[in-house]
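Chain residues, written in single-letter form:
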Amino acid sequence: MSATSPAAVVVLAAGEGTRMKSRTPKVLHEICGRTLVGHVVTAARELAPQELVVVVGHGREQVAAHLAEIDPAARTAVQEQQNGTGHAVRMGLEPLGGSVAGTVIVVCGDTPLLTGATLKKLAETHVADGNAVTVLTAEMPDATGYGRIVRDGVSGAVTAIVEHKDASESQRAIREINSGVFAFDGRLLADALGKVRTDNSQGEEYLTDVLGILREAGHRVGASVAGDHREIAGINNRVQLSEARRILNERLLTEAMLAGVTVVDPASTFVDATVTFEPDALIHPGTQLLGSTHIAAGAEVGPNCRLTDTTVGADARVDNAVAYSSEIGEGASVGPFAYLRPGTKLGTKSKVGTYVETKNATVGEGTKIPHLSYVGDATIGDYTNIGAASVFVNYDGQSKHHTTVGSHCRTGSDNMFVAPVTVGDGAYTAAGSVITKDVPAGSLAVARGQQRNIEGWVARKRPGSAAAKAAEAASGESAGES
């Protein structure tokens, strides 16, 4: 914990977010693998605060349950009625005894682009300048609609935050705006919150009034300018949600490319914030990498892949595939048009080919399942080949059962393996077989009916048909040749 680590971070996440037009509380909408509030909490944790409090209100049960899942150490405080930002901060301080010695950072729960680096700079500026309050600001290309930051021309201290509608022409020319994110001296904040009035058009307690109260008391109000104005953007509707997702996706892909990953077309590539890469990974267009997916060095993914919580080993190749909670081994090959379901583990240099689906299956080193097959609840050894159109029949209508196929096996096309069943090492199975019994190592299993040809059946049963005429012509040609 550094000297600038705050005593507390208070995240304001109680709003309803009516403009989202959703049953889901606004702060629980997701971009790039995290909820809006999840992104904010992640950034706040980079400051190593002694306490982190999230103020909840609308949809509090859902929000609190989500916080318990992503950050069990975070506290929650309830704002029963949304009576303004000042009231929300008062509620946020209550679990901490109402007052905190040290720096208190206040952030909004709907600002997913805000980074830990920017919050650290805010905290450092606050301490270094000895401010009672430090406002996070940003220089906007177009500041229309935002509260303007008015500074003292000599000291640079903030003298006022003027809302757009109340600003003079000269003030409207100011491009530095208020983000709604602040660093406070905790003791002064608690005292000033008790003096905030509600004699305004909304009848609410405004947190910005604290700045005026502290300045009038002789305390210094300063500012820290964010490097990128887009960081402070709040999300109020689905359009802004989409814009934030695009910006964050670009940021994540830029970080990956600067770290040695090749992304052929960033515009058609989408990643979650929790995805990790190694240098020399290659990502083709139309690819989505989600959850805890990891792409190792030299691996090639895409085009048109969707991988969720999946590990892709070094130098593996994944093409036009969907995978969930799977492990793809070093040098393995997947696709095109393969579907790896949870529990799939592919060994080194193994292959799952075209139109193959796997689930809860372990596939050994060098083993191939080239095409048109389903492998579920199975263990397959090393250097085995599974013939085309094979099905591991794992479900009896009530329970799932396991199939084991050994190493160096060769199974025929159009095989059914009716679980539970075991095929021993080095065994073969004939094409078209339905394997219902264990096959000993080194054996050939044939499980199909004896072929019987009934001569003249078409002529007798389908007289005058195209098939009968073709057969008659073929018979005539055969007789002529003889």
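If you're wondering where the values come from, they're calculated on a predicted model, not measured in any experiment.

**Side note on the overall build of the protein**
Part 1 of the reasoning: Across its full length, the protein carries ten helices and 37 strands.
Part 2 of the reasoning: Over its C-alpha trace the protein gives a radius of gyration of 33 Å, far above what one expects of a compact globule, namely 23 Å for 482 residues.
Part 3 of the reasoning: Principal-axis analysis of the C-alpha atoms places the extent of the protein at approximately 115 × 45 × 40 Å.
Part 4 of the reasoning: Looking at the protein alone, contacts between residues at least 24 apart form 40% of all its contacts between residues at least 6 apart.
Part 5 of the reasoning: With the model as given, the accessible surface of the protein reaches about 22500 Å², and the carbon-plus-sulfur share is 49%.
Part 6 of the reasoning: The positive charge centre, built from 43 side chains, and the negative charge centre, built from 53, are 5 Å apart in the protein.

**A closer look at the packing of aromatic side chains**
Part 1 of the reasoning: With the rule as written, the count across this model stands at four aromatic pairs.
Part 2 of the reasoning: With a centroid separation of 5.6 Å and 35° between ring planes, the pair formed by F182 and F184 is classed as tilted. Taken individually, F182 and F184 each receive the classification buried, so the pair is uniform in this respect.
Part 3 of the reasoning: For the ring pair F392 and F417, a centre distance of 4.9 Å and an interplane angle of 40° mean the geometry is tilted. Here F417 lies in strand 33 (residues 416-418) and F392 lies in strand 30 (residues 391-393), a separation of 25 residues in the sequence. Per residue, the accessibility class of F392 equals that of F417, and both read buried.
Part 4 of the reasoning: The ring centre of Y395 lies 5.5 Å from the NZ or CZ of K400, which sits over that ring.

**A short note on the nonpolar core**
Part 1 of the reasoning: With 55 residues, the main nonpolar core has I295, L307, V312 and I328 as its most contacted residues.
Part 2 of the reasoning: If you list the elements that add at least two residues to this core, you get helix 8 (238-258), strand 22 (321-324), strand 25 (338-340), strand 27 (351-363), strand 28 (368-380) and strand 34 (421-423).
Part 3 of the reasoning: Top contributing element to this core by residue count: helix 8, with seven residues.
Part 4 of the reasoning: Setting aside residues up to four positions removed in sequence, V312 forms contacts with H294, I295, A296, A299, V301, L307, V318 and I328.

**As for helix 2 (residues 60-70)**
Part 1 of the reasoning: Listed as buried for helix 2 are V63, H66 and L67. Along the long axis of helix 2, the arc covered by the buried residues comes to 100°, so they all point the same way. Across helix 2 from its buried face, at more than 90 degrees, point the exposed residues E61 and E69.

**Structural notes on the side chain of T403**
Part 1 of the reasoning: Structurally, the position occupied by T403 is in strand 31 (residues 403-405).
Part 2 of the reasoning: Excluding residues that lie within four positions of it along the chain, T403 makes contacts with D377, A378, T379, F392, F417, A419 and V421.

**A look at the UniProt feature "active site" (unreviewed entry) in the protein**
Part 1 of the reasoning: UniProt tags H371 as "active site" (unreviewed entry).
Part 2 of the reasoning: Tracing the backbone through its elements, the reader meets H371 in strand 28.
Part 3 of the reasoning: The residues contacting H371, other than those within four sequence positions of it, are T354, Y355, V356, A388 and A389.

**So, helix 3 (residues 85-93)**
Part 1 of the reasoning: Most of helix 3 is tucked away, with seven of its nine residues classed as buried.
Part 2 of the reasoning: Burial in helix 3 covers these residues: G86, H87, A88, V89, M91, G92 and L93.
Part 3 of the reasoning: Contact partners of the buried residues in helix 3: strand 1 (8-13), strand 4 (51-56), strand 5 (75-78), strand 6 (103-108) and helix 6 (186-193).

**As for the side chain of S390**
Part 1 of the reasoning: Turning to its location among the elements, S390 is positioned in the loop between strand 29 (385-386) and strand 30.
Part 2 of the reasoning: A polar atom in the side chain of S390 sits 2.7 Å from the backbone oxygen of G387.
Part 3 of the reasoning: Non-local contacts of S390, meaning those with residues more than four positions away in its chain, are made with L372, S373, Y374, T411, G412, D414, N415 and F417.

**Section: the UniProt feature "binding site: acetyl-CoA" (unreviewed entry) in the protein**
Part 1 of the reasoning: Feature annotation in UniProt places "binding site: acetyl-CoA" (unreviewed entry) on A388, N394, Y395, S413, A431 and R448, given in this structure's numbering.
Part 2 of the reasoning: Of the residues examined, Y395 reaches a relative accessible area of 46% and is grouped as partly exposed.
Part 3 of the reasoning: Only 2.9 Å separates the side chain of Y395 from the backbone oxygen of G397, close enough to count as a polar contact.

**Considerations on the pattern of salt bridges**
Part 1 of the reasoning: Summed over the entire model, instances satisfying the criterion amount to 15 salt bridges.
Part 2 of the reasoning: The shortest N-O distance in the salt bridge between E51 and R75 comes to 3.1 Å. Of this pair, E51 sits in strand 4 while R75 sits in strand 5, and the two are 24 residues apart along the sequence.
Part 3 of the reasoning: A relative accessible area of 33% places R75 in the partly exposed class.
Part 4 of the reasoning: A salt bridge links K195 to D191; the nearest nitrogen and oxygen atoms lie 3.2 Å apart.

Cut-offs and rules
- The residue count restarts for each chain, going from 1 along the sequence in the order it is written.
- Reporting of local features is limited, given that this is a predicted model, to residues whose pLDDT is at least 70; pairs of side-chain atoms are given and counted only at 80 or more, and all residues count toward the totals for whole chains, interfaces and linings.
- Calculation of side-chain values draws on the structure's entire complement of heavy atoms; hydrogens and water are dropped beforehand.
- Each helix is a run of DSSP H or I of at least 4 residues and each strand a run of E of at least 2, with the numbering of both proceeding from the N terminus.
- For this measure, only C-alpha atoms enter the radius of gyration; the expected value for a globule follows 2.2 Å times N^0.38, where N is the number of residues.
- Here, two residues are considered to be in contact whenever any of their heavy atoms come within 4.5 Å of each other.
- The accessible surface values rely on the Shrake-Rupley method and a 1.4 Å probe; as for residues, cover is taken only from the protein chains in view.
- Positive charges come from Lys and Arg, negative ones from Asp and Glu, while His and the chain ends are left out of the count.
- Where a charge lies is defined by one atom per residue type: Lys uses NZ, Arg uses CZ, Asp uses CG and Glu uses CD.
- Any Phe, Tyr or Trp ring, taking Trp's six-membered ring, that has another such ring centre within 6.5 Å forms a pair; planes under 30 degrees apart are called stacked, those over 60 apart edge-to-face, and the others tilted.
- Each residue is assigned to one of three classes by its accessible area relative to the maximum for its type, calculated with a 1.4 Å probe on protein chains only: buried under 20%, partly exposed between the two thresholds, exposed over 50%.
- Placement of a positive charge over a ring is assigned whenever Lys NZ or Arg CZ falls within 6 Å of the ring centre and within 35 degrees of the normal to the ring plane.
- Note on terminology: a nonpolar core comprises buried Ala, Val, Leu, Ile, Met, Phe, Trp, Tyr and Cys residues joined through side-chain atoms within 4.5 Å.
- Working definition: the arc comes from the directions between the helix axis and the C-beta atoms, pointing outward to the latter.
- UniProt positions are given in the numbering used here, feature names are shortened, and annotations may be inferred rather than shown by experiment.
- Polar contact is the term for a pair of N or O atoms within 3.5 Å; when the atoms are in protein, one must be able to donate a hydrogen and the other to accept it, and sequence-neighboring residues count only if both atoms are side-chain atoms.
- Each reported salt bridge corresponds to a side-chain nitrogen of Lys or Arg within 4 Å of a carboxyl oxygen of Asp or Glu.

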